[in-house]
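For reference, the chains in residue letters:
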Amino acid sequence: MFFSARRSWLDALYERSYRMQMGEVHLPGLDLYMVNKPSLVKQVMDTHAEAFPKSNLLGEALKPLLGESIFTTSGEQWRKQRSMMDPAFAQARLNVAFPVMQAAVADMLKRLAVLPDGAEYDLEVEMTHVTADIIFRTIFSVPMEGADAKRIFTEFARFQAIAPRLLLPSIYGLRWLVWPWDVWRSRRSAAAIRGLLGQLIRPRFDAHRAGKPSDTTDILQSFLDAKDEATGEGFGFDELLDQVAMLFLAGHETSASALTWASYLIANAPDIQERMHQEVVMHLADRQPELSDMRYLDLVRNVFRETLRLFPPVGFMARQSSAVCPMHKKEIEKGATVVVSPWLMQRHRDLWEEPDAFKPERYNNDASRESLKQAYLPFGMGPRVCMGAAFALQEATLILASLVRHYKISALPGHEPQPVGRLTIRSANGVRLKLHRRKKGI
Ligand code: HEM
């Protein structure tokens, strides 16, 4: 298994994996159960979530960067963090975030405008840039410009490239296969990012502690104002830094992955892309998109939802059983790893009609209702469901609408992106597409 999957855990899957209800892998130091049946998934992620805290598989690789962030903690520590962070994602904050998204998307269009018409381009580069810029502006109220911001961006890219090399061996219980050189490089990048983020946070943290008033409405302000209900205490500096680093990573890596795959899918479905273009042009005419427009862009949103089904950025979620537990005629050992995979669930042969087909119309169609209810979980489910789901849908609708409004995206003959499971589902050979500028209003 390790050798077939050394490039990516996706390579360890067989056709049989897409039909099974539950699978298991036992290696020295590893008992792993893959849960694929909707009722079992619900048990692990939702109804019995307390009994299945987060596994530290992912945590170990991410700890140097994210410390004790909400993404990896469990129990009381997680509950406190979640309630303190909730207000940052309330609807009112999302309304504030929209103009920030508009400004970052306007900058994206300026960057694309310098490309020659019909240029071949790896869209992953731009999708990573624009989503990183959006989350950076939403956290700090400043665009991701200047030497320090660029360095944060570069070091994040470096960290993301190394993290899977630390993650894969630990998934297979073969931690000794991790190269000390990789460990050193990832720690060095993590330290650089934390140093730079710390420099941005420090003056505002100190001003807040000194009681200086602020009329800023960004996420950092919301985190500074947050108080633990039980103790009345706010986040300490290191805890705040952990949450900000996590949010920067979770807030752009996932969206960038999905938007890149969405571009690839519509490049290969020109009729759907044309209908998206018409929807946007008919609805907006010559205006700039406003927040209130987003809910009318049905097809654009459904294209994104269907992309999240076929290429869920978070391909698997790992939990740890806290006690011996009967499950699907088996007995799961205490401490075993229990994995739920949106990738497998959302392409499951028995749970979806035409599971591998790109069909955005599923979301308006009664026949898919049951599949969506039981086997669609790109944002996770239960108490640990993604905090940024509404934020991500809003930014993706805006970005995709802006892309198809101004460009016709076409496939590059002979280029077939190879999905691999890294921190998110990415392409091993990039996603190269052609961008043709559209004439205004056509
Ligand atoms: C398409 C984009 C996104 C996808 C597919 C996605 C997916 C997910 C998933 C599957 C989880 C749950 C992981 C688990 O249970 O193990 C999660 C958690 C989380 N996500 Fe997202 N996410 C996206 C965008 C965002 C954005 C934009 C933000 C922030 C602005 C964000 C913030 C978070 C946070 C804070 C958590 C941790 C929640 C907790 O553990 O209580 N995500 N995300």
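In the block above lies the structure referred to throughout.
Because the structure is predicted, anything quoted here is derived from the model rather than measured.

Rules behind the numbers
- Residue numbering note: each chain is counted from 1, following its sequence as written.
- Given that this is a predicted model, residues contribute local features only at a pLDDT of at least 70 and side-chain atom pairs are listed and counted only at 80 or more, while totals for whole chains, interfaces and linings are drawn from all residues.
- Only DSSP runs of H or I covering at least 4 residues are called helices, and only runs of E covering at least 2 are called strands; the numbering of each starts at the N terminus.
- Burial is judged by counting other C-beta atoms within 10 Å of a residue's own C-beta: 20 or more means buried, 12 or fewer means exposed, and anything between counts as partly exposed, with every C-beta placed from the backbone.
- Placing C-beta atoms from the backbone, we regard two residues as in contact once those atoms come within 7 Å.
- By definition, a residue lies near a molecule or strand provided its backbone-derived C-beta atom is within 6 Å of it.
- The pairing criterion is simple: DSSP has to find at least two bridges between the two strands.
- To get an axis, fit a line to the C-alpha atoms, keeping to the stretch in contact for a helix; angles then go from 0 to 180 degrees between the N-to-C directions.
- The term nonpolar core refers to a group of buried residues, namely Ala, Val, Leu, Ile, Met, Phe, Trp, Tyr and Cys, whose C-beta atoms join them within 7 Å.
- As used here, the arc is the angular range of directions from the helix axis to the C-beta atoms.
- In what follows, roughly perpendicular refers to angles from 65 to 115 degrees, roughly parallel to angles under 35, roughly antiparallel to angles over 145, and oblique to any angle outside these ranges.
- Amino acids are sorted into nonpolar (Ala, Val, Leu, Ile, Met, Phe, Trp, Tyr, Cys and Pro), charged (Asp, Glu, Lys and Arg) and polar (every other residue, Gly among them).
- To estimate the expected span of a helix, count its residues, drop one, and scale the result by 1.5 Å.

In this section: the overall build of the protein. For the protein, the count of helices and strands is 14 helices and eleven strands. The proportion of buried residues among the 442 residues of the protein is 42%. Long-range contacts, defined as pairs at least 24 residues apart, comprise 74% of the intrachain contacts of the protein with a sequence gap of at least 6.

Within the fold, serine 222 resides in helix 8 (residues 219–225). For serine 222 and glycine 380, which are 158 residues apart along the polypeptide, the C-alpha to C-alpha distance reads 24 Å. Not counting chain neighbours up to four residues away, the residues in contact with serine 222 comprise Pro87, Ala88 and Arg93.

We now examine the site of the ligand. Around the ligand, 23 residues are found, and the nearest of them are Gly251, Thr254, Gly380, Cys386 and Gly388. Of all elements in the fold, only helix 9 (237–267) and helix 14 (389–406) reach the threshold of two or more residues within the shell around the ligand. Sorting elements by how many residues they give to the shell around the ligand places helix 9 first, with six residues.

Read across the open sheet, the three strands follow the order 3-11-8; overall the sheet is antiparallel. Looking at which strands have only one partner, the edges of the open sheet turn out to be strand 3 (119–122) and strand 8 (407–411). For this sheet, the mean angle separating the axes of adjacent strands, direction not counted, is 40°. Alignment of strand 8 against strand 11 (residues 432–437), held across five bridges, turns out to be antiparallel. Counted as the bridge partner of isoleucine 409 is leucine 435 from strand 11.

In this section: the sheet that holds strand 1 (residues 22–27). Strand order in the open sheet made by the four strands is 1-2-7-4, with mixed pairing throughout. The outermost strands of the open sheet, each flanked by one partner alone, are strand 1 and strand 4 (317–320). The mean inter-strand angle of the sheet, taken between neighbouring strand axes irrespective of direction, is 25°. Sheet analysis places strand 1 next to strand 2 (residues 30–35), joined by six bridges and oriented antiparallel. Bridging from a neighbouring strand, glycine 23 pairs with methionine 34 of strand 2. Here helix 1 (residues 38–47) sits on the sheet and contacts strand 1, strand 2, strand 4 and strand 7 (337–340); the angle it forms with strand 7, its principal contact strand, is near 115°.

The next thing to look at is the nonpolar core. In this structure, Ile139, Val244, Ala245, Ala262, Val300, Val303 and Leu400 are the most contacted members of the largest nonpolar core, which totals 111 residues. Top contributing element to this core by residue count: helix 9, with 18 residues. Leaving out residues up to four positions away in the same chain, alanine 262 has contacts with Val303, Phe304, Thr307 and Leu400.

Time to look at unusual backbone geometry. It is generally the case that most residues other than glycine have a negative phi and that most peptide bonds are trans. One non-glycine residue, serine 141, lies in positive phi territory at about 65°. Considering the arrangement of structural elements, one finds serine 141 in the loop between helix 5 (123–140) and helix 6 (146–171). C-beta crowding within 10 Å serves as the criterion here: with 16 such atoms nearby, serine 141 is assigned to the partly exposed category. A positive phi angle, close to 60°, is found at lysine 329, a residue other than glycine. Tracing the chain through its elements places lysine 329 in the loop between strand 5 (325–327) and strand 6 (330–332). Classification of lysine 329 by C-beta neighbours within 10 Å gives exposed; the count is 6.

This brings us to helix 1. Where helix 1 is concerned, the buried positions are Val41, Gln43, Val44 and Met45. The arc that holds the buried residues of helix 1, viewed along the axis, is 165°, so those residues lie on one side. Those residues of helix 1 that are exposed and angled more than 90 degrees off the buried face are Ser39 and Thr47.

What follows covers the packing of helix 10 (residues 270–284) against helix 11 (residues 298–310). Between helix 10 and helix 11, whose axes approach to 8 Å, the crossing angle comes to 140°. Here helix 10 lies oblique to helix 11, going by the angle between them. For the pair helix 10 and helix 11, the contacting residues are Ile272, Arg275, Met276, Glu279 and Val280 in the first and Leu299, Val300 and Val303 in the second. Per-class residue counts for the contact of helix 10 with helix 11 are six nonpolar, no polar and two charged.

Here helix 5 contains 18 residues, and its C-alpha end-to-end distance of 26 Å stays within 8% of the 26 Å for a straight helix at 1.5 Å per residue. Across the 18 residues that make up helix 5, a large majority, 16, are buried. Count one or two residues on from helix 5 and you reach serine 141, which has phi positive near 65°.

Neither face of strand 7 is open: one carries Thr337 and Val339, the other Val338 and Val340, and all of them are buried. As judged from the four bridges shared by strand 2 and strand 7, these two strands associate in the parallel manner. Paired with methionine 34 across the two strands is valine 339, which belongs to strand 7. Pairing of strand 4 with strand 7, which is carried by four bridges, proceeds in the antiparallel orientation. Note on strand 7: the bridge partner recorded for glutamine 320 is threonine 337.

Let's shift gears to the environment of isoleucine 332. Here isoleucine 332 shows up in strand 6. Distance from isoleucine 332 to lysine 110, taken between C-alpha atoms, is 54 Å for residues 222 residues apart in sequence. Here isoleucine 332 is in contact with Tyr33, Ser321, Val324, Cys325, Met327 and Val338, once residues within four sequence places are set aside.

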